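# Reading the structure
The lines below spell out each chain.
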Amino acid sequence: AFDEAQAAAQASLQGELRLVHGLQQNHKVMDATAEAMKEATGREGSVIAGSTHVYPDGPVPYWSFYCLGEHGNFIDQWKHVKLAATNEFLRHGGSTTHHTSIRRDHMKWLNEQIHPLYRRVLQSAKDTLDPNWIMNPGVIIPSKENNPNA
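Residues numbered from 1 in each chain as written. Predicted model: local features only at pLDDT ≥ 70, side-chain atom pairs only at ≥ 80, totals over all residues. Heavy atoms only, no water.

### Considerations on the pairing of strand β2 (residues 58-66)
Two strands pair when backbone bridges link them, and strand β1 (residues 46-55) and β2 are joined in this way by nine bridges, in the antiparallel orientation. Bridge pairing in β2 links I48 to S64. (Pairing = 2+ DSSP bridges. Helix = DSSP H or I, 4+ residues; strand = E, 2+ residues; numbered from the N terminus.)

Spelled out as structure tokens, the structure:
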């Protein structure tokens, strides 16, 4: 029982250390996001952060940013900030493969992080369970029109 308690305490400490490391990296992502907002809009903005889950290998952080953009340029300004924030997050060991971050605007990064075998397994499942490709077309696996392997 002592060995189990010691192992549990050590695992808990390791999880806490990963959380502290994650929080330290969080400030770098927030700073990069704030800088990108200023670059894209010429204005200061606000960045908030939180965590949806905490796993033994670390937290699942998220960031939201708010800034007054320029009408007609909202999408380009958002893309500039999103790119800067995500690249900084990935630079510090983050990943866009958690279920809370699978979406079209993350496909660029997801495609770099998923192993080809995993992708083939997902494609096989999609072909079997969704042969008409009507559920979330183009998310995780490119749509049939854009996928030479489909």
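Once you've had a look at it, read on.
### Topic: the nonpolar core
By size, the foremost hydrophobic cluster in this structure holds five residues: M30, A36, M37, V47 and V81. Filtering out sequence-adjacent residues up to four positions away, A36 remains in contact with H80, V81 and A84. (Core = buried A, V, L, I, M, F, W, Y, C linked by side-chain atoms within 4.5 Å. Buried < 20%, exposed > 50% of the residue type's maximum accessible area, 1.4 Å probe, protein only. Contact = heavy atoms within 4.5 Å.)

### Description of helix α2 (residues 74-91)
The first and last C-alpha atoms of α2 sit 26 Å apart over 18 residues, in line with the 26 Å expected at 1.5 Å per residue. Listed as buried for α2 are Q77, V81, K82, A85, T86, E88, F89 and L90. With its phi angle positive at about 95 degrees, G93 sits one or two positions after the end of α2. (Expected span 1.5 Å × (residues − 1).)

### Observations regarding helix α4 (residues 116-129)
Over its 14 residues, α4 runs 20 Å from end to end, which matches the ideal 20 Å to within 8%, given 1.5 Å per residue. Among all positions of α4, only R119, Q123 and K126 are buried. Projected down its long axis, α4 shows its buried positions confined to an angular sector of 60 degrees, all on one face. Every exposed residue of α4 that faces more than 90 degrees away from the buried side is listed here: R120, T128 and L129. (Arc of directions from axis to C-beta.)

### So, the packing of aromatic side chains
Aromatic ring pairs are defined here through the distance separating the ring centres and the angle between the ring planes. By the definition in use, this model includes one aromatic pair. For the ring pair W63 and F89, a centre distance of 5.0 Å and an interplane angle of 70 degrees mean the geometry is edge-to-face. Highlighted residues: W63 in strand β2 and F89 in helix α2, separated in sequence by 26 residues. For F89, a relative accessible area of 15% translates into the label buried. (Phe/Tyr/Trp six-rings, centres within 6.5 Å; stacked < 30°, edge-to-face > 60°.)

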